[in-house]
Structures are given as structure tokens and as C-alpha cells.
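# Tertiary structure, described
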Amino acid sequence: MSATVSFPVPSAHGPRDVTVSYARVGRGEPLVLLHGIGHHRQAWDPVVDILATEREVIVPDLPGFGASPGLPAGLSYDLATTDTVLRALFEALDLDRPHVAGNSLGGLLALELGREKRVRSVTALSPAGFWSEAERRYAFAVLLAMRGISQRLPLPLVQRLSRSAAGRTALTSTIYGRPARRSPEAVVAETLALAGATGFAATLRAGTTVRFTDGLAGMPVTVAWGTRDRLLVPRQGVRAKTMIPHARLVRLPGCGHCPMNDDPALVARVILDGSR
């Protein structure tokens, strides 16, 4: 069941109220799941029920994505501000150093929270920030193209395409290794989420100079990469392992950039093992 929470976040012009939509389910140690740019919390749906058997799972829509409104004036979408927003969200939800798992942008945010020792463990699925400049430009160009297509396609056409495996592949093969497995309803919903994401452009601009360069000493870290990731290519996982030598690097066979739907059982097991 979804809910919303509002909380103050400091800015140069005084506190600003931020509102976040989220879902909370399960029992056990708290585990926060963070989605990627242009996505929404439903990206985690394939694994939430599995995780909820052993964890209390909290899944927010990041500000400006999904059902969460954009950030108010005075707050930017850069990494430092988003980190501050997430820390304020944890406080508002009474989360004391939860485990955190993130995908893509969410993986980078999870690592940043780990760098600041705000969480108990980090699991990052194809996290942003380990790219070369050429790889970053390629990924951003693909994301912009996906965004443009989502905004130009009429809803009836998206609905019609989603009804066939070929159509779902055409719409989502950039981020899924097994796109035909995505449900028609999910494909329509995430296409609409990408088209309507008010935080997309500002978040992408803020990511232009982002690189993750911390070793995360003393923090349990798992980095997992799909072998079919066409957005952030798998060699970036090797770079992440070099940067964070103690991290557990996991290969996700047959999975794409958003592996949760490609192999829910494997991804859930990686997250649970990483959050012991």
C-alpha cells in the first residue's frame, strides 16, 4: 500500500518541504530500495514480495519521479542535495541506518549513503558513476532518446505494443535482458513514468560530472552487474571492484540494466545476502 510523507530539507533560502510517495511492506531489518533515473518504485515489484519475507522493505519514488512531486524551488537535483533528501526521508520514516539497495542512479545514491555511513550495507545493481567519459556520453544519449520516444508515442500505440513480446522488446530492450518477461501493464506504466518524470532533465544534467571514487572502507558492499546490460556496460563493474576492493562483485547472467524483472529470484538472493 502506498503512502506519502512530507519533511523539511535545508536550502540556501531556508527549509523547503519535500513530499515523497513510498510503499512499505514486510518485517525484519529495514531495507530501502532506490530506483534509477526515469523509472519509478514499481521497478522493484518483481522482488519486493521475496524480500519482504525477511526484511521490512521501503520503496520510495525519488523526488520528480513516479508519484513523488518534483523538488521545490531552492533545491537542486545534484548528488549532494538528493543525498540530503534521502537522509531526511530516513529520519521522517524513523529509519536508523537501514540496509539500502539501488539500481543505476539508485545504486550511485546507495553508494553515496554508504560513503557517509548512513546505512548498514549497500547493494548496488549496475550503479552509475563508474563510467568513462565516452561511456557516460553514450548512456546519456540513450537515456535522452528513450525519454524522447516515451513522450512522442501516443498512449494507444504504447498499449498496443505492450500486448506482444515483440512490442515489449521494442519498448524496453535497452534496459531489460529479457524484455518479453515484463508484463504489458508494467511496460505501459513505466513508459508513462519516463515521459512524465519532472526531475529527469535536471537529474541528467547534474550527472554530467559525477564519478564515484570512494573506497567505502568499513561498509559491506555488493556490486552486481547484468551480463546483458546495454546501458552501463558490464566492464564498469570491474572498475567498481577496483575502486572498492573489498566489495563483493556478482555477475547476473542474462540480466540487463534493470535486472529485477529479468531474474527476480537471483536479484532478491543477492540483495538478501548483501544485507546480512
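Our subject is the structure listed above.
Presented here is an overview of the structure given in this document. Just so we're clear, the structure is a prediction, and the values are computed from it rather than from any experiment.

### A closer look at the side chain of S162
Along the chain, S162 turns up in helix α5 (residues 155-162). Note on S162: relative accessible area 2%, which makes it buried. Dropping the residues within four chain positions of it, S162 is found in contact with R168, L171, P184, V187 and V188.

### Thoughts on the sheet that holds strand β1 (residues 2-9)
Spatially, the eight strands line up as an open sheet ordered β1-β2-β4-β3-β5-β6-β7-β8, and their pairing is mixed. Bordering the open sheet on either side are β1 and β8 (248-252), each of which pairs with just one other strand. Averaged over all adjacent pairs, the angle separating strand axes in this sheet is 25 degrees, with direction ignored. The sheet contact formed by strand β7 (residues 221-226) and β8 spans five bridges and is parallel. Bridging from a neighbouring strand, V223 pairs with L249 of β8. Sheet strands in contact with helix α2 (residues 79-92) are β1, β2 (16-25), β3 (29-34) and β4 (55-60), and its direction is about 115 degrees off that of β1. Its contacts with the sheet place helix α3 (residues 105-115) against β3, β5 (99-103), β6 (122-125) and β7, and it is angled at close to 150 degrees to β5.

### Description of the environment of G64
Along the polypeptide, G64 turns up in the loop between β4 and α2. Discounting chain neighbours no more than four positions away, the residues touching G64 are P69, G70, Y77, A197, T198 and G199.

### Here we look at the pattern of salt bridges
For the structure on display, the rule yields 18 salt bridges. With its nearest N and O atoms 3.7 Å apart, the salt bridge here joins R118 to E116. Residue E135 pairs with R239 through a salt bridge whose shortest N-O separation is 2.6 Å. In this pair, E135 is assigned in helix α4 (residues 133-152) and R239 in helix α9 (residues 235-243), connecting sequence segments 104 residues apart. By relative accessible area, E135 is classed as buried at 8%. For R239, a relative accessible area of 31% corresponds to the partly exposed category. Ionic contacts of the salt-bridge type, sharing partners, join the residues D83, R87, E112, R115, E116 and R118 into one network.

### Examining unusual backbone geometry
For S104, which is not a glycine, the phi torsion comes out positive at approximately 60 degrees. Mapped onto the elements of the fold, S104 is located in the loop between β5 and α3. With a phi angle near 60 degrees, K117 is a residue other than glycine that sits in the positive phi range. Of note, K117 is situated in the loop between α3 and β6. Here K117 falls in the partly exposed class, since its relative accessible area comes to 40%.

### Digging into α4
Along an α-helix, residues three or four apart share an orientation, since each turn contains 3.6 residues. A rise of 1.5 Å per residue sets the reference length of α4, with its 20 residues, at 28 Å; its end C-alpha atoms lie 29 Å apart and thus fit the reference within 8%. Turning to α4, its buried residues number three or more, namely E135, R136, A139, F140, V142, L143, M146, R147, G148 and S150.

Scoring rules and cut-offs
Residues numbered from 1 in each chain as written. Predicted model: local features only at pLDDT ≥ 70, side-chain atom pairs only at ≥ 80, totals over all residues. Heavy atoms only, no water. Helix = DSSP H or I, 4+ residues; strand = E, 2+ residues; numbered from the N terminus. Buried < 20%, exposed > 50% of the residue type's maximum accessible area, 1.4 Å probe, protein only. Contact = heavy atoms within 4.5 Å. Pairing = 2+ DSSP bridges. Axes fitted to C-alpha atoms, helices over the stretch in contact; angles between N-to-C directions. Salt bridge = Lys/Arg side-chain N within 4 Å of Asp/Glu carboxyl O. Expected span 1.5 Å × (residues − 1).

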